[in-house]
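Results of the structural survey
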Amino acid sequence: RGPPGPVATASSGGPKASVDQPLGDDETARAVWVPARNVVLLAAAAAVAEAQSAQAIVAGVNREEADTFADNSAQFMTDMTAALARGTRNGVVVASPTLALDKPGIVAAARSLGLGRDDFWSCYTGGPEPCARCESCRRSERAWGDDDRS
């Protein structure tokens, strides 16, 4: 007797879309979705934290992204902390100082710390420079506005 539904394989992928989709388009959001990304990254970070006797890991999620991606939400961070309480010996917790902020709020915080746009990377396409077309680049551009590139 097999599984109750489709089985994922290494070649299985989510929906594909161009980074040139209209701003905020659902297909654009699907294009940048990485299946289970934050589950995997937080679990890996927790393993390193536990090995180093650290009590917390920090995730850079934000309110704006949580509107589109559930794994950027406060509930997800709470759920991951609960899972890590059971899955690590030292009860590693997930912290996210940007959780309640949107991108402009993060930019304001960055500026207050003397950081500029070039100190961040939001692009999903890779390469030596951000593409300026994917949804993540567009959100970042709107948040930084007409700043110089510093």
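Everything here concerns the structure above.
Quick summary incoming for the structure in this document. (Residues numbered from 1 in each chain as written. Predicted model: local features only at pLDDT ≥ 70, side-chain atom pairs only at ≥ 80, totals over all residues. Heavy atoms only, no water.)

Glancing now at the overall build of the chain. Scanning the chain from terminus to terminus reveals six helices and two strands. Along its sequence from the N terminus, the chain presents helices and strands in the succession α-α-β-α-α-β-α-α. When burial is assessed residue by residue, the chain has 31% of its 150 residues classed as buried. (Helix = DSSP H or I, 4+ residues; strand = E, 2+ residues; numbered from the N terminus. Buried < 20%, exposed > 50% of the residue type's maximum accessible area, 1.4 Å probe, protein only.)

Space inside the largest pocket adds up to approximately 710 Å³. Around the largest pocket sit 32 residues that line it, and G60, V61, N62, K103 and W121 are the ones nearest its centre. A breakdown of the residues in the lining of the largest pocket according to their chemical character gives 21 nonpolar, eight polar and three charged. (1 Å grid on protein atoms, 1.4 Å probe; cavity = no way out; pocket = protein on both sides within 12 Å on 5 of 7 lines; lining within 4 Å. Points joined across faces, edges and corners; volume = space filled by probe spheres on them. Nonpolar A, V, L, I, M, F, W, Y, C, P; charged D, E, K, R; others polar.)

So, on to the environment of G87. Tracing the chain through its elements places G87 in helix α4 (residues 74-87). Exposure remark for G87: the relative accessible area of 57% places this residue in the exposed category. The spatial distance from the C-alpha of G87 to the C-alpha of E50 is 10.0 Å, given a sequence separation of 37 residues.

In this structure, E141 sits in helix α6 (residues 135-144). When the C-alpha positions of E141 and S122 are compared, they lie 9.7 Å apart, and in sequence the two are 19 residues distant.

With twelve residues, the main nonpolar core is built from L42, A46, A49, I57, A59, V61, F76, M77, M80, L84, V92 and V94. For this core, the leading source of residues is α4, giving four residues. (Core = buried A, V, L, I, M, F, W, Y, C linked by side-chain atoms within 4.5 Å.)

Moving on, we get to unusual backbone geometry. Backbone geometry at A36 places phi at a positive 60 degrees, although glycine is not the residue there. With respect to the helices and strands, the residue A36 is situated in the loop between α1 (26-32) and α2 (37-51). Its relative accessible area of 37% is what places A36 among the partly exposed residues. One non-glycine residue, A132, lies in the positive phi region at around 65 degrees. Topologically, A132 is positioned in the loop between α5 (103-112) and α6.

Note that R117 resides in the loop between α5 and α6. By relative accessible area, which is 7% here, R117 ends up buried.

Okay, the packing of α5 against α6 next. Where α5 meets α6, the axes come as close as 8 Å, and the angle between the chain directions of the two elements is 55 degrees. For the element pair α5 / α6, the angle class is oblique. Crossing of α5 against α6: the hand is right-handed. On the side of α5, the interface is formed by K103, P104, V107, A110 and R111, while α6 contributes R139, A143 and W144. Considering only residue class, the contact of α5 with α6 consists of five nonpolar, no polar and three charged. (Axes fitted to C-alpha atoms, helices over the stretch in contact; angles between N-to-C directions. Parallel < 35°, antiparallel > 145°, perpendicular 65-115°, else oblique. Left-handed = near helix turned anticlockwise from the far one by under 90°. Contact = heavy atoms within 4.5 Å.)

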